[in-house]
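# Examination of the molecular architecture
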Amino acid sequence: MKLGLSMRGLGYHPSAWLDPRVPADGAISLPFYRDLVATAERGLLDVCFLADQNAITVSDTPKGAFGRTPVGAEFEPLTLLSALSTCSSHVGLVATASTTFHQPYQLARVFGSLDHLSGGRAGWNVVTSSRDDEAQNFSEDRILAKELRYERAREALEVCFGLWNSWDADAFVHDRSRGVFVEPAGMHRLDHKGQFFKVRGPLNQPPTPQGRPVIFQAGASEGGMDFAAAFAEVVYSVQHRLADAQAFYAAMKSRIAEHGRNPAAVMILPGILPVLGGTEAEAQAKYRDMQDQIDDIVGLEKLYRFFGDLSGHDLNGPVPDLRQDIAVVSRGEMMVRIARDNGWSIRELFRRTSIGNSHNVVVGTPEQVADAMEAWFTQGAADGFNLLPAKSPVDVADFVDQVVPVLRRRGLTRSAYAADTLRGNLGLPATPVGRLAGA
């Protein structure tokens, strides 16, 4: 199975920073991330991933919520991963970047640069932005209409593919005897003119070690799933139950085939947040304690985007309907469904979904966590997992030291890296460049 690590901030527990084992300034510390990457490579993980948004996304509703969770302290992902490329050797380095705001020439150049710097370990989590507060940081009052966001994303990605094919693989001859640095015939202008972009090209860098960075995608909406089926090589997903994960897996693989692509060449990685204990009872007690650490105000703020201000509701009462002006429907619909399927109150919903950002939480011994992962992997629900530590760096080290050895003994994970590139370690096909790509 494929394994990745999501390096988001201090972890996927909103109050992780209160734990003395978690450095409060870690999210803006290069040594903090350097140690995370080293732990990931020690566990022979495939990917280190950075989620990102272009605005501070924590509100002050209910009043007093802002400031109780870590905000305003994070690196720009490409800058950080470029630094981490110099102190790592095998693990993939994947960053989120939005096609809603950035120009494709810029995106092709920065991700191409990361692939060169890392020796072929770059990946791009392609996203469309959905928040007005992000648009307002890019000279716009409102976010682009939903129906246009994926159209822009498709065009942006196709332009990037074209730019990464600007040069033939053998164009840069560096022939000192002839005084020829690059063969002019090996250069290909793009001359793209589309609905959103006009890009002349070529890209001002040679072909990257991988041909192009690995494309990741995490959209769960109808548009997101179709975009992933057309372009993604790794798909991040959000499911709680095996049956739901199996249904998503089958539907996603079917869509990929409908786009004329090989479903086996696209990895689907659900998120998983393990809560480990020496015994199941110990792990359950640890999880209850983690839930108790969530301030009610912080928990309600996590629900505000989907439900509005619930501070006037009975927190032990039922979960209401979604707010009508919601921008991202898929995540909210999932929260309503799991709350009503399980009979959760408002308080139970934010206590359970705030830890792990609505992803699957598995509580138990290392063997029980490995059992759950094996079941999903062998029963058509996942090609691997994206690890979401509740608290970094402690939970990352615990997973690598306690769960990975169990998976390895069962023959489910590698005993050594298979290649130097991210594509190679994921078992993805190489991508041709230049004239070969055109052919």
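Keep in mind the model is a prediction, meaning the values are calculated, not measured.

## Concerning the overall build of the protein
- Each helix and strand in the protein was counted, giving 15 helices and 11 strands.
- Whereas a compact globule of 439 residues would reach a radius of gyration of roughly 22 Å, the protein reaches 22 Å, a difference of no more than 12%.
- Projected onto its principal axes, the C-alpha positions of the protein cover 75 × 50 × 45 Å.
- For the protein, the centre of its 44 positive side-chain charges and the centre of its 51 negative side-chain charges are spaced 3 Å apart.

## Some thoughts on the packing of helix H9 (residues 296-307) against helix H11 (residues 346-354)
- The contact between H9 and H11 brings their axes to 9 Å, and the two run at 90°. Accordingly, the angle class assigned to the pair H9 and H11 is roughly perpendicular. Across the interface between the two elements, Asp296, Gly299, Leu300, Lys302, Leu303 and Phe307 from H9 touch Ile346, Arg347, Leu349, Phe350, Thr353 and Ser354 from H11.
- Class assignment of the residues belonging to the contact of H9 with H11 gives a composition of 6 nonpolar, 3 polar and 3 charged.

## Here we look at the pairing of strand S2 (residues 47-50)
- With burial as the criterion, each face of S2 is covered, one bearing Val47 and Phe49 and the other bearing Cys48 and Leu50.
- Where strand S1 (residues 2-6) meets S2, 3 bridges bridge the pair, whose relative direction is parallel. When the sheet's bridge partners are listed, Ser6 is paired in S2 with Phe49.
- What joins S1 to S2 is helix H1 (residues 30-42), and the crossover it makes is right-handed.
- Looking at chain direction, S2 and strand S3 (residues 92-98) are connected through 4 bridges and run parallel. Each residue of the ladder has a partner; that of Leu50, found in S3, is Ala95.
- Between the parallel elements S2 and S3, the chain passes through helix H2 (residues 77-84) in a crossover that is right-handed.

## As for the environment of Ala229
- Residue placement: Ala229 occurs in helix H6 (residues 222-231).
- Given a relative accessible area of 0%, Ala229 falls into the buried group.
- If sequence neighbours within four positions are ignored, Ala229 has contacts with Met252, Arg255, Ile256, His259 and Arg261.

## Observations regarding the packing of helix H12 (residues 366-378) against helix H13 (residues 394-409)
- For the pair H12 and H13, interaxial distance at closest approach is 9 Å and the crossing angle is 55°. Between H12 and H13, the crossing angle belongs to the class labelled oblique. Like other packed secondary-structure pairs, H12 and H13 cross with a definite hand, here right-handed. Across the interface between the two elements, Pro366, Glu367, Val369, Ala370 and Met373 of H12 pack against Phe399, Gln402, Val403, Val406 and Leu407 of H13.
- Residues belonging to the contact of H12 with H13 are distributed by class as follows: 8 nonpolar, 1 polar and 1 charged.

## Focus: the packing of aromatic side chains
- Counted by the stated rule, this structure contains 15 aromatic pairs.
- Consider the rings of Phe32 and Tyr33, whose centres lie 5.2 Å apart with planes at 85°: the pair is edge-to-face. Judged on exposure class, the residue Phe32 and its partner Tyr33 are both buried.
- The interplanar angle of 45° and the centroid separation of 4.8 Å between the aromatic rings of Phe49 and Tyr236 together place this pair among those described as tilted. Highlighted residues: Phe49 in strand S2 and Tyr236 in strand S8 (residues 234-237), separated in sequence by 187 residues. The exposure classification of Phe49 matches that of Tyr236, with both residues buried.
- Here the aromatic residues Phe111, Trp124, Tyr150, Phe161, Trp164, Phe227 and Phe231 are joined through ring pairs into a cluster of three or more.

## A few points about the pattern of salt bridges
- Under the criterion given, the structure shown has 23 salt bridges.
- A salt bridge links Arg414 to Asp46, with the shortest nitrogen-to-oxygen separation between them at 2.8 Å. Of this pair, Arg414 sits in the loop between H13 and helix H14 (422-426) while Asp46 sits in the loop between H1 and S2, and the two are 368 residues apart along the sequence.
- The class of Asp46 is buried, set by a relative accessible area of 3%.
- In this structure, the salt-bridge partner of Asp191 is Arg189, at a minimum N-O distance of 2.7 Å.
- Via salt bridges that share partners, Arg154, Glu222, Asp226 and Arg255 belong to a single interconnected network.

## What to know about the environment of Ala418
- Position of Ala418 relative to the elements: it lies in the loop between H13 and H14.
- C-alpha separation for the pair Ala418 and Leu44, spaced 374 residues apart in sequence, amounts to 10.0 Å.

## Remarks on helix H8 (residues 280-292)
- Helix length check: H8 (13 residues) gives 18 Å between terminal C-alpha atoms against 18 Å at 1.5 Å per residue, within 8%.
- For H8, the set of buried residues is Ala283, Tyr287, Met290 and Gln291. Burial along H8 is one-sided: seen end-on, the buried residues are contained in an arc of 100°. Away from its buried face, by an angle of more than 90 degrees, H8 presents the exposed residues Ala281 and Asp292.
- Contact partners of the buried residues in H8: strand S9 (267-276), H11 and strand S10 (360-364).

## Examining H11
- Buried within H11 are the following residues: Ile346, Leu349, Phe350, Thr353 and Ser354. Along the long axis of H11, the arc covered by the buried residues comes to 105°, so they all point the same way.

## Details of the state of the cysteines
- Considering all chains together, one arrives at 0 disulfides under this definition.
- No disulfide involves Cys48; its sulfur sits 10 Å from the nearest other cysteine sulfur, which is in Cys87.

## Let's talk about the nonpolar core
- Counting 68 residues, the largest nonpolar core has Met7, Tyr33, Trp124 and Met373 as its most contacted members.
- Ranked by residue count, the leading element in this core is helix H5 (residues 146-164), at 9 residues.
- Ignoring sequence-local partners within four residues, the contact set of Met7 consists of Tyr33, Leu36, Val37, Cys48, Phe49, Leu50, Leu81 and Leu84.
- Residues Met335, Val336, Ile355 and Val363 belong to the second largest nonpolar core, which totals 29 residues.

About the criteria used
Residues numbered from 1 in each chain as written. Predicted model: local features only at pLDDT ≥ 70, side-chain atom pairs only at ≥ 80, totals over all residues. Heavy atoms only, no water. Helix = DSSP H or I, 4+ residues; strand = E, 2+ residues; numbered from the N terminus. Rg over C-alpha atoms; globule rule 2.2 N^0.38 Å. Lys, Arg positive; Asp, Glu negative; His and termini not counted. Charge placed at Lys NZ, Arg CZ, Asp CG, Glu CD. Axes fitted to C-alpha atoms, helices over the stretch in contact; angles between N-to-C directions. Parallel < 35°, antiparallel > 145°, perpendicular 65-115°, else oblique. Contact = heavy atoms within 4.5 Å. Nonpolar A, V, L, I, M, F, W, Y, C, P; charged D, E, K, R; others polar. Buried < 20%, exposed > 50% of the residue type's maximum accessible area, 1.4 Å probe, protein only. Pairing = 2+ DSSP bridges. Right-handed = clockwise from strand over helix to strand, strands pointing away. Left-handed = near helix turned anticlockwise from the far one by under 90°. Phe/Tyr/Trp six-rings, centres within 6.5 Å; stacked < 30°, edge-to-face > 60°. Salt bridge = Lys/Arg side-chain N within 4 Å of Asp/Glu carboxyl O. Expected span 1.5 Å × (residues − 1). Arc of directions from axis to C-beta. Disulfide = S-S within 2.5 Å. Core = buried A, V, L, I, M, F, W, Y, C linked by side-chain atoms within 4.5 Å.

None of this, on its own, says anything about what the molecule does.
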